[in-house]
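Structural overview for review
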Amino acid sequence: MGLIGAGRMGSFHAATLARRLPHTVLVAVADADEERARSLAAELGVAAAYGDAGALLADERVEAVVIAAPARHHAALVLSALAAGKPVFCEKPMAVTSDEVDRVVEAAGESGLAVQVGFNRRFAPDFLAAHDAAASGDLGSVQLLRSLTRDPGLVAPERVPPWTIFLETLIHDFDMLAFLNPGAEAVEVVAFADALVAPAYREHGLLDTAMVTIRYSNGALAVAEASFSAVYGYDVRAEVFGSNGMMTAGAPQRGAAVRYSAAGVLQATVRSDTELFDAAYVAELSAFAEAVQGGTRPPVGPADARAALRVALACVESVRRHAPAPLAGRCAAGQHRPEA
Ligand SMILES: NC(=O)c1ccc[n+]([C@@H]2O[C@H](COP(=O)([O-])OP(=O)(O)OC[C@H]3O[C@@H](n4cnc5c(N)ncnc54)[C@H](O)[C@@H]3O)[C@@H](O)[C@H]2O)c1
């Protein structure tokens, strides 16, 4: 494997590829900051370090690529990897515009190569169990869904590009909602977003708090919400409610230990995504390696990336226009679009 983008997430994935997957060897690391690539390669005993992705893609030892560069570069890097004949795992979002994501979907299909997107929550056992319950029909017809992401630390707001809350954070929730409502398409969204954590950055377009309502082609209704500053920890949960019951997934508690004292009851919480989803991040790369080695299709790919991006882009439109934003989908039943 070769890794492109040796920042926070890239370093985590690199350590997984180098140390935690038994049948995978990390042979090269590339970063626009060559020194960063060199130091990560040295730390993990990786043979090659490059200052640009092209050099890594030209390295014949690299059979498949993991991309963890900033989102705005993803589509171009995926297309370059496919043009070089290399299967690719790309962090979310796989693209940031609809033209880009269409090009990626098309190129992935034409190449026949394994292409996977980093929707790691699908690999966490409780979220997968909720999906299985919905997909098997055990929950009956799906009617209501929710998903939330609350992150403990807005560290450097000036480094966060506008619309990140939809394109990079809530995109996980939009994918999870689709995972929990199998076969349905989002047809309309209403989104609200504001800068409640860091109001000074509102004028720069950094929105740190958001709430979204989504209507699906099977009539189901969903709510997704995000905050960039939850003081109590890293909190990701989801819920799917159907005619036969409900299933919930996710909890911010670190473990089952509870401390009882004169001050009350205390349970430690998870503080970061890499702590909460540690096993899921390993499982998603393991699934990618298996798909590459077996020549099979990864469990989550470009079509899923496109479905989630369509919702994120509709949220941007909804916030900009202060209005509901329809998606180019079909409504299954007339009863949920009442005439005025
Ligand atoms: N799945 C998840 O839960 C999850 C969590 C965090 C981040 N991410 C995603 O991972 C990606 C990276 O996020 P991060 O927090 O690691 O960012 P980061 O800023 O820490 O790292 C990005 C790295 O990419 C390098 N880079 C920039 N342009 C490049 C290029 N053209 N080619 C090669 N390298 C380049 C930068 O020098 C930097 O080292 C983002 O898309 C983000 O949304 C996913």
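Fair warning: this is a prediction, and the values are worked out from it, not measured in the lab.

Another point: the site of the ligand. The ligand sits among 24 residues. The nearest are Gly-5, Gly-7, Met-9, Ala-32 and Glu-91. With three residues, the single largest contributor to the shell around the ligand is helix α1 (residues 8-20).

Split into domains, the protein chain comes out as domain 1 (2-120) and domain 2 (134-276 + 302-334). The centre of domain 1, based on its C-alpha atoms, is set 26 Å off from the matching centre of domain 2. Put simply, the parts of the chain that give the side of domain 1 that touches domain 2 at least two residues each are α5 (98-111) and β6 (115-117). In terms of residues, the side of domain 1 that touches domain 2 owes the most to one element, α5, which gives five residues. When grouped by side-chain class, the residues that make up the side of domain 1 that touches domain 2 number 13 nonpolar, one polar and one charged.

Moving on, we come to the sheet that holds strand β8 (residues 186-194). The strand order across the open sheet formed by seven strands is β12-β11-β7-β10-β9-β8-β15, and the pairing between neighbours is mixed. The sheet is open, and its two edges are formed by β12 (245-249) and β15 (325-326), each paired on a single side. With seven bridges connecting them, strand β7 (residues 142-150) and strand β10 (residues 221-227) associate as parallel partners. If you follow Arg-146 over to β10, its bridge partner there is Val-223. Contacts from helix α10 (residues 302-321) reach β8, β9 (209-216) and β15 within the one sheet, and its direction differs from that of β8 by about 55 degrees.

Overall, parallel pairing links the six strands, which are arranged β3-β2-β1-β4-β5-β6 in an open sheet. Only two strands of the sheet have a single neighbouring strand rather than two, namely β3 (48-50) and β6. Neighbouring strand axes in the sheet, compared pairwise and without regard to direction, differ in orientation by 15 degrees on average. Pairing between strand β1 (residues 2-4) and strand β4 (residues 65-67): three bridges, direction parallel. Residue pairing for β4: Ile-4 is matched across the bridge by Ile-67. Against the sheet, helix α2 (residues 34-44) contacts β2 (28-30) and β3, and its axis sits at roughly 165 degrees relative to β3.

Residue Lys-92 is joined to Pro-93 through a cis peptide bond whose omega torsion reads -15 degrees. Relative to the helices and strands, Pro-93 is located in the loop between β5 (88-90) and α5. Phi angles above zero are rare outside glycine, and Trp-163 is one such case at about 70 degrees. Looking at where Trp-163 falls in the secondary structure, it is placed in the loop between β7 and α7 (164-180). Phi is positive for His-322, close to 50 degrees, though the residue is something other than glycine. Positionally, His-322 belongs in the loop between α10 and β15.

Turning our eyes to something else, we now look at the confidence of the model for the protein chain. When the pLDDT values of the protein chain are averaged, the result is 94; 96% of them are 70 or greater. For the protein chain, the element scoring lowest by mean pLDDT is helix α8 (residues 273-276), at 95; β4 scores highest, at 99.

As paired elements, β8 and β9 share eight bridges and run antiparallel to each other. If you follow Val-189 over to β9, its bridge partner there is Ile-214. As judged from the two bridges shared by β8 and β15, these two strands associate in the antiparallel manner. From the neighbouring strand, Val-189 faces β15, where its bridge partner is Ala-325.

About the thresholds
Residues numbered from 1 in each chain as written. Predicted model: local features only at pLDDT ≥ 70, side-chain atom pairs only at ≥ 80, totals over all residues. Near = placed C-beta within 6 Å. Helix = DSSP H or I, 4+ residues; strand = E, 2+ residues; numbered from the N terminus. Domains from an automatic or database assignment. Nonpolar A, V, L, I, M, F, W, Y, C, P; charged D, E, K, R; others polar. Pairing = 2+ DSSP bridges. Contact = placed C-beta atoms within 7 Å. Axes fitted to C-alpha atoms, helices over the stretch in contact; angles between N-to-C directions. pLDDT = per-residue confidence, 0-100.

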